[in-house]
Amino acid sequence: MPTFLPDIKAYLGFDDHDSAVLASLLPMMTAHFPDISEHFYARILAHPGAHASITGGEEQVERLKRTLVEWMESGLRGPHDQAFYERRARIGRRHVTIGLPQHYMVTAIGVMRQDYERVISKVLAQDPVAQARAMQALHRLFDIELAIMLQTYRIDSEERLRRGERLVTIGMIAAGIGHDLRNPLGVIESSVFLLRRQVEDDRGRRHLDKINNQVHRCNRIVTALLELAGSRAPNFVEVDANEMLRSAMGSVPVPDGVRVDTDAAKGVVMRGDATLLEQVVINLVTNSIEALQNRAHGHISVRIHPYDSERYAITVADDGPGFEPELLPRVFEPLVTSRASGIGLGLALVRNVAERHCGAAQAQNRPEGGAIVTVLLPSDPAAQAARGPATSS
Amino acid sequence: MTPTSVLIVDDNVELAENLGEVLADEGYPCEIEATGSGAIRRIEQKEYGLIITDLRMHGTDGLAVAAAARRRTPPTPVVMITAFACDPQLEAARAVGVADVFTKPVDTSVLVALVKQRISHGDG
Ligand code: HEM
């Protein structure tokens, strides 16, 4: 958005003179940058919520400290032009993709602002006029920095919205087609039923059976489409975990070289919609199989076990490449996929089903490699619904 | 004397005709009606053994048909069929006394079995 920076500069009254003042600060500030950077990350690491976004340990923190020093240098040096804006927006997007909550950006800029103020009041202690002018330029710069950061978050949420709208549209089309196909399928089915009474020879009957089988198959596809469109209310019943796993695995073709272990702990009481829960297992296992595609051997483990006194968990783990770290916070969003094939509805449906059961879905990469998805479900969804839904992460 | 004729109401006439043919083969005389208002007129004039109606139809819907069936003494039993599994109107259907509600797809053999259950065979 080329008009964004000029617009915000005009609003703040940031001009070339501010750029010049900031550039003149650079030689005085440089020596303090490592300390400011140190303090900046110490604050992040001290805060559990912010710390959680740092997944690469010590090494990543050291690298980040160096990039932050560069960030500080380039901020003062300028020029504060379109190229500057684009570089800053790119950095902002990086934080959006790692799933850093937006409010940390506001506080982080605040921490940095205070450190700059402290240093400026020290290095310009002798010249109150220059100090005041420097502070003014500095605050304007940081307001610009924050505005750019928040702008990237806004663009991101708009994209999510568009994706959501696309999905709703797809869902509506799918539901429409599904319903429209039901009637012709019904006519075919009943016509076959009638014909079967007339046709005497085996060959003719064999073909009628084939038509009938395919009609049933079409009906199952329509049901799955309507399921995806979410147009069906869940039907909560007591579900036998072993039976559910058996039935789900019966619908997933497992390629040679991939081993799937299933295990349901004794005593897990599952109340839920049997068809939807089965679909969760099918989608997760299918995902794992696709992740293992280019490997000679792979192992997938499907478990159903108690989680705490009120919930049980369905976990599907594989020893594939795991999720792409950038995508990890967003894998459950519709139309988010790293694969060329598939349109990214599988995990979206998993979360959708979890939420319709007042449960939640979580995706992680395992420390030993591979991906693990956990679907936490209340033992009694109806009671849970009365208390209010859980959130997905 | 229990009436054995069946009224089939569906704006998809081919579907209704097929079902009628199947039931006729089983010994149940059938009448086909493509609109809800037409069905209500018939119900008011004649006693059927069973009414099979689609829920969603243009104009007068299956609920109105079921209500007309209920106004008769004794009420005529109704089987309702809908394409929408969680149709909020299903509740309304139960409220007007519809005991059998089916979601599409409905296997013809299942319907035949149900009709046999609902209409005890005998004189016609
Ligand atoms: C004033 C606020 C901040 C500034 C100026 C800043 C600056 C930067 C810069 C320059 C990068 C490198 C981007 C790239 O080129 O890929 C980066 C990445 C990153 N920042 Fe920040 N950051 C800020 C706030 C935060 C906060 C509050 C966190 C909290 C955890 C954080 C965590 C990270 C992480 C995890 C990365 C990704 C590093 C990687 O690629 O390995 N940042 N940040």
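Residues numbered from 1 in each chain as written. Chains lettered and ligands numbered in written order. Predicted model: local features only at pLDDT ≥ 70, side-chain atom pairs only at ≥ 80, totals over all residues. Heavy atoms only, no water.

### Considering the coordination of the iron atom of the ligand
Let me state the cut-off plainly: Because water is not among the atoms used, a metal site may look incomplete, as its donors are only the N, O and S atoms within 2.8 Å, or 3.2 Å for Na, K and Ca. We count a stretch as a helix when DSSP gives it H or I for four or more residues in a row; a strand needs E for two or more, and each element gets its number in order from the N terminus.
On the protein, His-95 of chain A (NE2) is the one donor atom to the iron atom of the ligand, at 2.0 Å. For His-95 of chain A, the position within the fold is in helix H6 (residues 82-97).

### Notes on helix H3 (residues 33-46) of chain A
All names here are of chain A. The criterion, for reference: To estimate how far a helix should reach, multiply one less than its number of residues by 1.5 Å. Using a 1.4 Å probe on the protein chains alone, a residue whose accessible area is under 20% of its type maximum counts as buried, one over 50% counts as exposed, and one in between counts as partly exposed. By construction, the arc corresponds to the directions joining the helix axis to the C-beta atoms.
Relative to the 20 Å expected for 14 residues at 1.5 Å per residue, H3 spans 20 Å between its end C-alpha atoms, a close match to the ideal helical length. Among all positions in H3, only Phe-33, Ile-36, Ser-37, Phe-40, Tyr-41 and Ile-44 are buried. End-on, the buried residues of H3 take up no more than an arc of 125°, which puts them together on one face. Those residues of H3 that are exposed and angled more than 90 degrees off the buried face are Asp-35 and Ala-46.

### Description of the side chain of Ser-74 of chain A
Residues and elements named next belong to chain A. For clarity, the threshold we go by: Polar contacts, as used here, are pairs of N or O atoms within 3.5 Å; protein pairs need one atom able to donate a hydrogen and one able to accept it. Residues neighboring in sequence count only if both atoms are side-chain atoms. The contact rule is simple, with two residues in contact once any of their heavy atoms fall within 4.5 Å.
Turning to its location among the elements, Ser-74 is positioned in helix H5 (residues 57-77). Here Arg-88 takes part through its side chain, which lies 3.2 Å from a polar atom of the side chain of Ser-74. The residues contacting Ser-74, other than those within four sequence positions of it, are Phe-84 and Arg-88.

### Quick word on the site of the ligand
Residues and elements named next belong to chain A. Worth spelling out the cut-off: For each residue, the test is whether any non-hydrogen atom lies within 4 Å of the molecule or strand; if one does, the residue is near.
Lining the immediate surroundings of the ligand are 20 residues, of which Ala-50, Gln-60, Arg-63, Arg-94 and His-95 lie closest. Gln-60 has a polar side-chain atom sitting 2.9 Å from an oxygen atom of the ligand. In the environment of the ligand, an oxygen atom lies 2.9 Å from a nitrogen or oxygen atom belonging to the side chain of Arg-63. Those elements giving two or more residues to the shell around the ligand turn out to be H3, H5, H6 and helix H7 (102-123).

### Things to note about the side chain of Ser-288 of chain A
In this fold, Ser-288 of chain A is placed in helix H11 (residues 274-291). Look past the residues within four positions of Ser-288 of chain A in its chain and what remains in contact with it is Ile-300, Val-316 and Asp-318 of chain A.

### Some remarks on the pattern of salt bridges
Charged atoms that come close allow side chains of opposite charge to pair. Stated formally: The term salt bridge refers to a side-chain nitrogen of Lys or Arg lying within 4 Å of a carboxyl oxygen of Asp or Glu.
One pass over the structure, following the stated rule, counts 21 salt bridges over all chains. Across the pair Glu-145 of chain A and Arg-88 of chain A runs a salt bridge, and its minimum N-O distance is 3.0 Å. Taken together, the residues Glu-145 of chain A in helix H8 (residues 128-198) and Arg-88 of chain A in helix H6 connect sequence positions 57 residues apart. As a salt-bridge pair, Lys-46 of chain B and Glu-31 of chain B come within 2.4 Å of each other at their nearest N and O atoms. Of this pair, Lys-46 of chain B sits in the loop between helix H2 (36-45) and strand S3 (50-54) while Glu-31 of chain B sits in strand S2 (residues 30-33), and the two are 15 residues apart along the sequence. Look at Lys-46 of chain B and you get partly exposed, because its relative accessible area is 32%.

### A short note on the interface of chain A and chain B
Rule in force here: Two parts placed together each lose some accessible area; with a 1.4 Å probe, that loss summed over both constitutes the buried area.
Every contact between the two is made by 16 residues of chain A and, on the other side, 19 residues of chain B. Around 1600 Å² of area is buried between chain A and chain B when both sides are counted, 56% of it from carbon and sulfur atoms. Counting every contact that joins chain A to chain B gives two salt bridges. Its salt-bridge partner being Arg-197 of chain A, residue Asp-25 of chain B comes within 3.1 Å of it at the nearest N-O pair. Counting every contact that joins chain A to chain B gives nine residue pairs in polar contact (both at pLDDT 80 or more). Elements represented by at least two residues in the side of chain A that touches chain B include exactly H8 and helix H9 (202-228) of chain A. Looking at which element gives the most residues to the side of chain A that touches chain B, the answer is H8 of chain A, with 11 residues.

### Looking at a nonpolar patch on the surface
Short version of the rule: Each patch groups residues whose relative accessible area exceeds 30% and which form no salt bridge, using 9 Å between like charges and 5 Å between nonpolar side chains of Val, Leu, Ile, Met, Phe, Trp and Tyr. Every accessible area reported is derived by Shrake-Rupley at a probe size of 1.4 Å, with residue values counting cover from the shown protein chains alone.
Judged by side-chain polarity, Ile-173, Ile-177 and Leu-181 of chain A come together as a nonpolar surface patch covering roughly 260 Å² of accessible area. Turning to its location among the elements, Leu-181 of chain A is positioned in helix H8.

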